[in-house]
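Coordinate analysis (summary)
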Amino acid sequence: MHSLDFVDNFGFLPFRRKQVKANRRGRPGLRPHLSLRFNFGDSILDFHVDSSKGSDFQDPSSYYNFFNLITHAHSDHYGQNNMNNSNAVASVETANILRVLTGKEFKGRCFSVGDSIKLDGIKIKTYPTEHIFGSSAFLIKSDSRILITGDVKDYSKLPKCDVLITEATYGNSDHIFEEEVEKLIECAKNSVFGVYPVGKAQRTAKILIENGFDVCGEDKISNLCSIFDIEVKNLDAEDGDVTLVSPRNVYQYAGRKFILTAQKFYRVPRIVISDHLDFIGILEMIDHCNPEHVIFYHGSPSKSLIDEISDEKKVSLLKDLEKLPG
Ligand SMILES: [Zn+2]
Ligand SMILES: [Zn+2]
């Protein structure tokens, strides 16, 4: 569906921001992810989703404002680019993770996941997605209900909506998996686990501590865990039963090693622990939220996923959306 059809059917314009200056290849680059534009009389309000900081709109005849909605603290969702942006909006936990990662204070507006907020008169309710600590979905309640999920691990608390703007990290039918939490516990003693420091490390450390393990980890991991009162000792200072390190450092350590992931491209053995829905999970989430239209804004939806959904609903991808300067 063309972006303009969204205006007629749902009361907003989804679009991609085209950089005004040309990039190295001589073409204007596109800013990350997408933006949603709402028009009320002479005023224009943009929500930039997991994107670089918004800039002012060059039209003095109309009132203009923007907000950057940050779904979670992973770097590919651009929170770190919005630390100085007073119009950025993120959960308290996301802002805390970003502060530890960047060493800067988050200057935007914070909410607790589950809160309702009002941005320039538009009501937005936030929902947990259990992707990582602090991850949040945003339900924009305007002429229609527009749900922006970010990355999702558990869709069960998400509401119904008219337009679902979501991810497809595991959007291929090869990606069907069950988590291996029991294997994680069985293999933990004296092992080195490769885990993403943001998100996976906190979840894994929590599971291990609840099961009686003494956990140590790299600096970055112990610092991030301490935000949430999860005690991970610094491995330079103290030993533990199990060691958490970044996946790319795992090869440097001696002993038994595993990577905790659903991805298949690592050389060391893996234990399936994922922060995402699998292929079936994505389809179930769409059933659960029951939108008329799905926009995949992150990850890689396969043709089989799109075909599966298109029987009953409309599907758009980022490449289908209008490109506007911004
Ligand atoms: Zn993520
Ligand atoms: Zn992501």
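Predicted model only: the values in this text are computed from it and were never measured. (Residues numbered from 1 in each chain as written. Chains lettered and ligands numbered in written order. Predicted model: local features only at pLDDT ≥ 70, side-chain atom pairs only at ≥ 80, totals over all residues.)

A few words on the sheet that holds strand β20 (residues 314-317). Spatially, the 7 strands line up as an open sheet ordered β8-β9-β10-β11-β12-β19-β20, and their pairing is mixed. Sheet topology places β8 (116-119) and β20 at the edges, where each strand pairs with a single neighbour. This sheet shows a mean twist of 25° between the axes of neighbouring strands, independent of strand direction. Inspection of the sheet shows strand β9 (residues 122-128) paired to strand β10 (residues 136-141) by 6 bridges, in the antiparallel sense. When the bridges of β10 are listed, Y127 appears paired with A137. (Pairing = 2+ DSSP bridges. Helix = DSSP H or I, 4+ residues; strand = E, 2+ residues; numbered from the N terminus. Axes fitted to C-alpha atoms, helices over the stretch in contact; angles between N-to-C directions.)

Here the focus is the domain arrangement of the chain. Segmenting the chain into domains produces domain 1 (3-173 + 277-325) and domain 2 (181-271). The distance between the C-alpha centroids of domain 1 and domain 2 comes to 31 Å. In this assembly, 8 residues from domain 1 lie in contact with 8 residues from domain 2. Here the side of domain 1 that touches domain 2 is composed, by residue class, of 6 nonpolar, 2 polar and no charged. (Domains from an automatic or database assignment. Contact = placed C-beta atoms within 7 Å. Nonpolar A, V, L, I, M, F, W, Y, C, P; charged D, E, K, R; others polar.)

Grouped burial of nonpolar side chains is what soluble globular proteins tend to show. Grouped together as the largest cluster of nonpolar side chains are 82 residues, with contacts concentrated most on I146, L147, I165 and L244. Element by element, the count of residues in this core is highest for helix α6 (residues 279-289), at 5 residues. The residue makeup of this core includes at least three contributed by each of domain 1 (3-173 + 277-325) and domain 2 (181-271). (Core = buried A, V, L, I, M, F, W, Y, C linked by C-beta atoms within 7 Å. Buried ≥ 20, exposed ≤ 12 C-beta atoms within 10 Å, placed from the backbone.)

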